[in-house]
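Notes for the structure review
Each chain, written out:
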Protein chains: 2
Amino acid sequence: MRRRDTLLAAGLLPLLAACATPTLRGSGDLGVVVQRARGALSIVDTSERRVIGEVAGLGDLSHASVVFSRDGRLAYVFGRDGGLTMVDLLTQRIVQRVMQAGNSIGGAISADGTLVAAQNYTPGGIKVFDARTLALVADVPAEFAPGQCSRVVGLVDLPGQRFAYSLFDADAIWITDCSDPAHPVTTRLPGIGRQPYDALVTPDGRHYIAGLFGEDGLAMVDLWADPPRVQRILGGYGRGQQPLPVYKMPHLRGWAVAGRQAYLPAVGRHEVLVVDTATWQEVGRIPVAGQPVFVMARPDGRQVWVNFAVPDYDRVQVIDTPSQRVVATLEPGQAVLHMEFTPRGEAVWISSRDAHRVSVIDTASLRTLAQLDVDAPSGIFFTSRAARMGF
Amino acid sequence: MRRRDTLLAAGLLPLLAACATPTLRGSGDLGVVVQRARGALSIVDTSERRVIGEVAGLGDLSHASVVFSRDGRLAYVFGRDGGLTMVDLLTQRIVQRVMQAGNSIGGAISADGTLVAAQNYTPGGIKVFDARTLALVADVPAEFAPGQCSRVVGLVDLPGQRFAYSLFDADAIWITDCSDPAHPVTTRLPGIGRQPYDALVTPDGRHYIAGLFGEDGLAMVDLWADPPRVQRILGGYGRGQQPLPVYKMPHLRGWAVAGRQAYLPAVGRHEVLVVDTATWQEVGRIPVAGQPVFVMARPDGRQVWVNFAVPDYDRVQVIDTPSQRVVATLEPGQAVLHMEFTPRGEAVWISSRDAHRVSVIDTASLRTLAQLDVDAPSGIFFTSRAARMGF
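Being a predicted model, the structure only gives us computed values, none of them experimental. (Residues numbered from 1 in each chain as written. Chains lettered and ligands numbered in written order. Predicted model: local features only at pLDDT ≥ 70, side-chain atom pairs only at ≥ 80, totals over all residues. Heavy atoms only, no water.)

Scanning chain A for helices and strands turns up 2 helices and 34 strands. By the compact-globule yardstick of 21 Å for 391 residues, chain A fits well, its C-alpha radius of gyration being 21 Å. Considered along the principal axes of its C-alpha atoms, chain A spans approximately 80 × 55 × 30 Å. Taken over 391 residues, chain A has a buried fraction of 60%. (Helix = DSSP H or I, 4+ residues; strand = E, 2+ residues; numbered from the N terminus. Rg over C-alpha atoms; globule rule 2.2 N^0.38 Å. Buried < 20%, exposed > 50% of the residue type's maximum accessible area, 1.4 Å probe, protein only.)

Take a look at the structure:
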């Protein structure tokens, strides 16, 4: 007590408390796991393979996604309820939180780390924020006809403070350049196909590809062409002429590019499609254990990992890309929702929602290295995403 | 003074000093610039684009290279004199330093971050250290005949605690698996070609390629084949039948893979070679301003940047990869020695040794964003390398 009183008298207790609490540490091996039901994040250390903290109070995280500041210290969490929360992974505290929309499904951060963008259903459009303060710097309603705003999906960052996204209700892809955030410049590509529902950009930032809910096939934009050019690819991709029941539309961000092939989840079919990324023609199909949801390449492209929709969502399969065969089937726990590779791919982290477990698996031996208790885990996001485009 | 006395009385000044000195910060946007002449590192912040500290006492850094711990906090600096130094970028101090050889030219860190390996000329071989303590855990002399050890070059990390390297004096490539560091297992590939002098691994970790000093052509190992297979590629690569003066052998680690092409520095010629990475055949040559030294792809592969040997080493050229033309020539300062892209490629940092300057250049507008004063800068290394293979 005497020491505490002395410090209080000197006015230094708060200073000491503030500087003594957070441990000095690097941020390159940090990550977060979304606790879907509790509206919280578990903060994880991928070197020690353990949970090191928790941050609660993030609202509805039922379809949450996360991007990171370029120093790997801050996580920007996009909640389903339109909440955008900046979390400091070192102090394990919320720094800033804004309710930026009524209904939102994700976001992106500019290549230089200065702008954070959210894609919104209600009101339909994108909003762009100062990454340091979360002050609104640009509001781009997806107004495709007077008074009509489209729900926005498939938002990705492009080089140069630009963002690409798809308008579900307007059959359009827009590219907004925020180099001067006060005067964003939007390039509109209309008539790209019916109801784009999700999209991705290839790892080189060249091809933006939107899946279509309203028809078969995909819309692809060559972003290196000037002006950007849209073409339709994989006309047979989708539910086809005799629609199959689809238990969950596959996530497109997970699409894997490994070497010269892209590996795509078939819609409704128990298959992974193999596509040549020069011609964008299908070159093969790999039978898998269920309807694929995420199809993700290990960073070196040697393996592709797949999880599945109900009722096959307890399993994960591993495809060997040189032979294009399934070489392993794992059962890491009930309701596998997401997977995330460590930056160099020596391990993969898998969330099993109903088992309340995150499994860490060695991708070479397939041995389980660790199991972490996490309440209803869904998305897993590592800070190494800060160094990659289109995540 | 009164506050200080109070703290001294409470015995808390050292504690406060210890915790107040290093700023809590993320490590994802840190990097180092080698001060070649002074044996020191400048620590830089790539978000603020400035020098934030300096660490001296690193010995002979005339051919220094650097790798990073997977949390991005520690830099491992390999000096020419065989010194291996662990530098804490957050406290800006040397944590550990060992003289591990008499003559050394670089190193690597295992994918899981637990092992640091150094490649040595004297005594010829590799040594492997515990990344936390720098305790020696494996010593693999490059003994190719009784009592004869080769100089080792071209060391790279491979998935799974393995390292690949070339034996200059033994015309061999070796792959050492350190999964059990007490019992390293080495695969020896002899007769790969005369005098391998440097090497690289492709970004997917599949192809290890060694340049040959003693003859034309290159040796390539397909590491995904079991057992690994060596083949000769690009028979015309090298000085050819009528040798040209070569002012500086090009660095191979800088070789750029962009999309389906690799861009290689020609030896002695004012050209960059374009090679198809499926067939490993030459498919083009791009005339440039001098003998290329580093040929480096911007992370998205849209541009390739080139610097040159004496007497053209004040210039840097930018190749647009879709058109395969030089689109810009920059003169950032005398004696350009190295270039490093920010993780997502929006900027490139260039060291100009004789101008004592590091320039930060916007890769889209080619505008100079910042110029930093650094004494005789050579290599530039950012912590984002921790997340990449073969760096």
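It is worth spelling out the pattern of salt bridges at this point. Under the criterion given, the structure shown has 38 salt bridges over all chains. The partner of R25(A) in a salt bridge is D45(A), with the nearest N and O atoms 3.2 Å apart. With R25(A) in the loop between α2 (13-20) and β1 (30-35) and D45(A) in strand β2 (residues 40-45), this pair connects stretches of sequence that are 20 residues apart. For D45(A), a relative accessible area of 4% puts it in the buried group. A salt bridge links D157(A) to R344(B); its shortest N-O distance comes to 2.7 Å. With D157(A) in strand β14 (residues 152-158) and R344(B) in the loop between β30 (336-341) and β31 (347-352), this residue pair bridges two chains. Comparing D157(A) with R344(B), the two get one shared label, buried. Three or more residues are tied together by salt bridges with common partners; here these are R25(A), D29(A) and D45(A). (Salt bridge = Lys/Arg side-chain N within 4 Å of Asp/Glu carboxyl O.)

Glancing now at the nonpolar core. Residue and element names in this part refer to chain B. Residues V32, V34, L41, V66, F68, V87 and L89 are the most contacted members of the largest nonpolar core, which totals 19 residues. Top element by residues in this core is strand β1 (residues 30-35). It accounts for 3 residues. Apart from the residues lying within four places of it in its own chain, the contact partners of V34 are A40, L41, L61, A64, V66, A376, P377, S378, G379 and F381. (Core = buried A, V, L, I, M, F, W, Y, C linked by side-chain atoms within 4.5 Å. Contact = heavy atoms within 4.5 Å.)

Here we take up the packing of aromatic side chains. Counting across every chain of the model gives 10 aromatic pairs over all chains. Relative to F213(A), the ring of F168(A) lies with its centre 6.5 Å away and its plane at 50°, an arrangement referred to as tilted. You can see F168(A) sitting in the loop between β15 (162-167) and β16 (172-177) and its partner F213(A) sitting in the loop between β19 (207-212) and β20 (218-222), a full 45 residues away along the chain. The partly exposed category is assigned to F213(A), whose relative accessible area is 36%. For the pair Y165(B) and W174(B), a centre-to-centre distance of 6.3 Å together with 65° between the ring planes defines the contact as edge-to-face. This pair shows no difference in class: Y165(B) is buried, exactly as W174(B) is. Ring pairs connect the aromatic residues F168(A), Y197(A) and F213(A), which therefore count as one cluster. Across from the ring centre of W174(A), 4.5 Å away, lies the NZ or CZ of R188(A), which sits over that ring. (Phe/Tyr/Trp six-rings, centres within 6.5 Å; stacked < 30°, edge-to-face > 60°. Lys NZ or Arg CZ within 6 Å of the ring centre and 35° of its normal.)

Moving on to unusual backbone geometry. Most peptide bonds adopt trans geometry, and most residues besides glycine take a negative phi value. Omega for the bond connecting V310(A) with P311(A) falls within 30 degrees of zero, at 5°, which places this linkage in the cis form. For P311(A), the location among the structural elements is in the loop between β27 (303-308) and β28 (316-320). Cis rather than trans, the peptide bond between T122(B) and P123(B) has omega equal to -10°. When you line up the elements, P123(B) lands in the loop between β9 (115-122) and β10 (125-130). In this structure, Q195(B) takes a positive phi of about 55° despite not being glycine. Summarising the element assignment, Q195(B) is placed in the loop between β17 (185-189) and β18 (196-201). One non-glycine residue with positive phi stands out, namely H356(B), at about 50°. Along the polypeptide, H356(B) turns up in the loop between β31 and β32 (357-362).

The interface is formed by 48 residues belonging to chain B together with 49 residues belonging to chain A. Both sides of the chain B and chain A interface together cover about 4300 Å² of buried area, and 55% of this is carbon and sulfur. It is L24(B), R70(B) and R344(B) that lose the most area in chain B upon contact with chain A, and together they represent 21% of the buried surface on that side. Taken together, chain B and chain A are joined by 6 salt bridges. Remark: the boundary between chain B and chain A carries 26 residue pairs in polar contact (both at pLDDT 80 or more). If you list the elements that add at least two residues to the side of chain B that touches chain A, you get α1 (2-10) and α2 (13-20) of chain B. No other element matches the 4 residues that α1(B) contributes to the side of chain B that touches chain A. Split into classes, the residues belonging to the side of chain B that touches chain A amount to 19 nonpolar, 13 polar and 16 charged. (Buried area = accessible area lost by both parts, 1.4 Å probe. Polar contact = N/O pair within 3.5 Å; in protein donor to acceptor, adjacent residues only side chain to side chain. Nonpolar A, V, L, I, M, F, W, Y, C, P; charged D, E, K, R; others polar.)

So, on to the sheet that holds strand β4 (residues 65-68) of chain A. Residue and element names in this part refer to chain A. Spatially, 4 strands are ordered β4-β5-β6-β7 in an open sheet, and the strand pairing comes out antiparallel. The sheet is open, and its two borders are formed by β4 and β7 (93-99), each paired with just one other strand. Sheet twist, expressed as the average angle between the axes of neighbouring strands with direction ignored, equals 20°. As paired elements, strand β6 (residues 83-88) and β7 share 6 bridges and run antiparallel to each other. For T85, the partnering residue across the bridge sits in β7 and is R97. (Pairing = 2+ DSSP bridges. Axes fitted to C-alpha atoms, helices over the stretch in contact; angles between N-to-C directions.)

Once chain B has been moved 0.0 Å along the axis and rotated by 180°, it coincides with chain A to within an RMSD of 0.0 Å. What the rotation and shift describe, once combined, is the action of a two-fold rotation axis. Here 98% of the contact residues of chain B are again contact residues in chain A; the copies associate through an equivalent surface. (Least-squares fit on C-alpha atoms with pLDDT ≥ 70 in both.)

In this section: the pairing of strand β29 (residues 325-330) of chain A. All names here are of chain A. With 5 bridges joining them, β28 and β29 adopt antiparallel strand pairing. The residue bridging V318 from the neighbouring strand is A328, located in β29. With antiparallel pairing between neighbouring strands as the criterion, β28 and β29 make up a hairpin whose turn holds 4 residues, including Q324 at a positive phi of roughly 50°.

Take the sheet that holds strand β23 (residues 261-265) of chain A next. Residue and element names in this part refer to chain A. Spatially, the 4 strands line up as an open sheet ordered β22-β23-β24-β25, and their pairing is antiparallel. The open sheet terminates on both sides in strands that have one partner only, identified here as β22 (256-258) and β25 (282-287). Strand-to-strand, the axes of this sheet are offset by a mean angle of 25°, without reference to chain direction. Taken together, the 5 bridges between strand β24 (residues 271-276) and β25 define a ladder with antiparallel strand orientation. By the bridge assignment for β25, V272 is matched with I286.

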